[in-house]
Amino acid sequence: MVDRKEYEKGSVSITRGSFGKPDLNRVEVGGRTLMVKDVRRRNPFLRWTLGLWLIEKEWKIYGRLKGVSGVPMPVERIDRFAFAMEFIPGRPIQRGEVLSPYFFTRLEEVLGEIHQRGVVHLDLRHKGNILISEGGEPFLIDFNSSFSFKEKGMLRRILFPLLRWVDYGGLLKLKERISPSSMTPEELARLKRFNRFRRLWIFN
Ligand SMILES: Nc1ncnc2c1ncn2[C@@H]1O[C@H](COP(=O)(O)OP(=O)(O)OP(=O)(O)O)[C@@H](O)[C@H]1O
Ligand SMILES: [Mg+2]
């Protein structure tokens, strides 16, 4: 069990969230390293509204993705304002960095598995949301902007395919920014098509 008092004592701040967003803290508990997302330190209004909602939603999504390799494992809900997950030793990917074609292939596989579970990420263009582990494996994090869909139902049938496609477009966009020279002609053509449609898209 991760107790809040104990966690706050031993935690190292990674990022401090602005507005209603969570703080990220690294913490060692029982010989394990965990990452804690926490909105406890937001002001009471934000904590009880946006903050609570974000933590609840992301925790639920991590739960749904439990066991997908390439996504940190959820560990524990500390209290209503915070949850702990596996800490991935590594770093976010950077512009201009040389990544093997394997990295992107693997990233696409991870995304495929996430979609299999009925979840769309929707924030893949943001480099900070893709980590490269010490072993060179991609990890997808930050499900703040995500949606998860029920197995059946109208939204899953209609909206899900569209949002899945938005995710793949985001991935291409990211690849183009990180390592443009590794884009295949087929991917460039796909990206061009995607950008044409994106102008009609509301969530720019
Ligand atoms: N499980 C994890 N293991 C290792 N590092 C992590 C983990 N989760 C988050 N991080 C680090 O913390 C940073 C922010 O995490 P995340 O994107 O989930 O939070 P956020 O609230 O969306 O913040 P931001 O606005 O910076 O994206 C990541 O870029 C990464 O460096
Ligand atoms: Mg993020």
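Everything here concerns the structure above.
Residues numbered from 1 in each chain as written. Chains lettered and ligands numbered in written order. Predicted model: local features only at pLDDT ≥ 70, side-chain atom pairs only at ≥ 80, totals over all residues. Heavy atoms only, no water.

Participant: How do you make sense of the nonpolar core when you look at a structure like this?
Facilitator: One recurring pattern in soluble globular proteins: nonpolar side chains tend to sit buried together. In terms of nonpolar packing, the biggest core is built from 34 residues, with L140 and F143 touching the most fellow members. Sorting the residues of this core by element identifies α2 (44-64), β5 (82-86), α3 (101-116), β8 (130-133), β9 (138-140) and α4 (154-178) as the ones contributing at least two each. Counting residues per element, this core draws most heavily on α3, which supplies six residues. Lining this core are residues from two domains, each supplying at least three of them: domain 1 (4-86) and domain 2 (90-198). Setting aside its immediate chain neighbours within four residues, L140 contacts G70, V71, P72, L107, V110, L111, I114, H121, L124, N129 and I130. (Core = buried A, V, L, I, M, F, W, Y, C linked by side-chain atoms within 4.5 Å. Buried < 20%, exposed > 50% of the residue type's maximum accessible area, 1.4 Å probe, protein only. Helix = DSSP H or I, 4+ residues; strand = E, 2+ residues; numbered from the N terminus. Domains from an automatic or database assignment. Contact = heavy atoms within 4.5 Å.)

Participant: Even after reading the chapter, I still don't get the pattern of salt bridges, so can you show me in this structure?
Facilitator: Two side chains carrying opposite charge are able to pair once their charged atoms lie near each other. Under the criterion given, the structure shown has 13 salt bridges. The shortest N-O distance in the salt bridge between D142 and K37 comes to 3.8 Å. With a gap of 105 residues between them, D142 in the loop between β9 and β10 (147-148) and K37 in strand β3 (residues 32-38) connect regions that are remote in the sequence. We classify D142 as buried; its relative accessible area is 13%. The class for K37 is buried, based on a relative accessible area of 6%. (Salt bridge = Lys/Arg side-chain N within 4 Å of Asp/Glu carboxyl O.)

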